[in-house]
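Close look at the chain arrangement
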Amino acid sequence: VCLLCMQLHMIICRPALSEKNYMSAFPFVNDEEIRKTSFKNVSHPNGTSQYLPHILIIGVRKGGTRALLEMLSLHSHISAAESEIHFFDLEDQYKRGLEWYLDQMPFSYPHQLTVEKTPAYFTSDVVPERVYNMNSTIRLLLILRDPIERVLSDYTQVFYNHKQKNKSYPAVEDLLLKNDELNTDYKAINRSLYHIFMENWLKYFPLKNIYIVDGDRLIKDPFPEMQKVERFLNLSPQINVSNFYFNKTKGFYCLRDSGRDRCLHESKGRAHPQIKPFLLGKLRDYFHEPNKKFFEL
């Protein structure tokens, strides 16, 4: 009986900060916002509850959002929603209200930060204002990669989605070119015009609320990038180089956590189609000015 009581006591007293200490530990969380429907008073016996996200991974599609979420989840102070909820960008979801959104969040301890990721948030016109209305001090993670690589990755995903359904899909050149000129109406190209979407987010959030993760560097050398993310989120430095190992078979880094190895889904890291040099040149010329505008922002 004594041993049982001791074990129960240990479970209940698993590292958890008081609400006051929680607020001071993460100064970007607005105290008033947290108290407005941001967590459920009904807690599990182990001390967990559901909280509205303190962090959003807002994009970009095919930029490495899943990899970023998985790597961030290595930290013990992070509790991540498993699926993309699309609360802010889909009207049917948004109409369900914050209570419904809260129900989609994972159960977490008071000392943990809740994170949700939906890449479609970045390119939506309506999302920045909706997020601001929920929490004007929320921290935003935006992972970007070379816009040309993002275009090719976007095409690759759609191509394989069609292939799995035994449906045909045009060659990449047929979509990128129209009358021997770059097809600027192609949706994958439009999604890579980062400055357009960034301007919309900056109408509501200052740059200090947004951290841009270099998706190309995260693929090649994830540890330094994750150190920067930890610092931005005011997290204690827990993620270390031993959490990553290069899988030669897959051709990208996998994760090692408490002796358990795990890799991203087989759909990640697929080889991109090779495009002709003249087409690559057209893409570089086209993105030169948008990239410049983005860096100026």
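For the structure itself, consult the block above.
Summary of the structure given here. All of these numbers come straight from a predicted model, not from anything done at the bench.

This part takes up the pattern of salt bridges. Applying the stated criterion across every chain yields a total of 12 salt bridges. The partner of Lys117 in a salt bridge is Glu84, and the shortest N-O contact between them spans 2.6 Å. With Lys117 in strand E5 (residues 113-117) and Glu84 in the loop between strand E3 (78-80) and helix H5 (91-94), the pair connects residues that are 33 residues apart, well separated along the chain. On the basis of relative accessibility, which here comes to 3%, the residue Lys117 falls in the buried class. Glu91 serves as the salt-bridge partner of Arg130, at 2.8 Å between the closest nitrogen and oxygen. Of this pair, Arg130 sits in helix H7 (residues 127-134) while Glu91 sits in helix H5, and the two are 39 residues apart along the sequence.

Here the focus is the packing of helix H8 (residues 147-164) against helix H14 (residues 277-296). Where H8 contacts H14, the two axes come as close as 9 Å, and the packing angle between them is 120 degrees. Between H8 and H14, the crossing angle belongs to the class labelled oblique. Touching Pro147, Ile148 and Val151 of H8 are Leu280, Leu283, Arg284, Phe287 and Asn291, all from H14. The residue inventory of the contact of H8 with H14, partitioned by class, reads 6 nonpolar, 1 polar and 1 charged.

Once that is clear, we can look at the side chain of Asn183. Inspection of the secondary structure assignment puts Asn183 in the loop between strand E8 (181-182) and helix H10 (187-190). Polar contacts involving the side chain of Asn183 include one to the main-chain carbonyl oxygen of Leu175, which spans 3.0 Å. Look past the residues within four positions of Asn183 in its chain and what remains in contact with it is Leu175, Leu176, Leu177, Lys178 and Ile189.

Reading the values: rules and limits
- Residues numbered from 1 in each chain as written.
- Predicted model: local features only at pLDDT ≥ 70, side-chain atom pairs only at ≥ 80, totals over all residues.
- Heavy atoms only, no water.
- Salt bridge = Lys/Arg side-chain N within 4 Å of Asp/Glu carboxyl O.
- Helix = DSSP H or I, 4+ residues; strand = E, 2+ residues; numbered from the N terminus.
- Buried < 20%, exposed > 50% of the residue type's maximum accessible area, 1.4 Å probe, protein only.
- Axes fitted to C-alpha atoms, helices over the stretch in contact; angles between N-to-C directions.
- Parallel < 35°, antiparallel > 145°, perpendicular 65-115°, else oblique.
- Contact = heavy atoms within 4.5 Å.
- Nonpolar A, V, L, I, M, F, W, Y, C, P; charged D, E, K, R; others polar.
- Polar contact = N/O pair within 3.5 Å; in protein donor to acceptor, adjacent residues only side chain to side chain.

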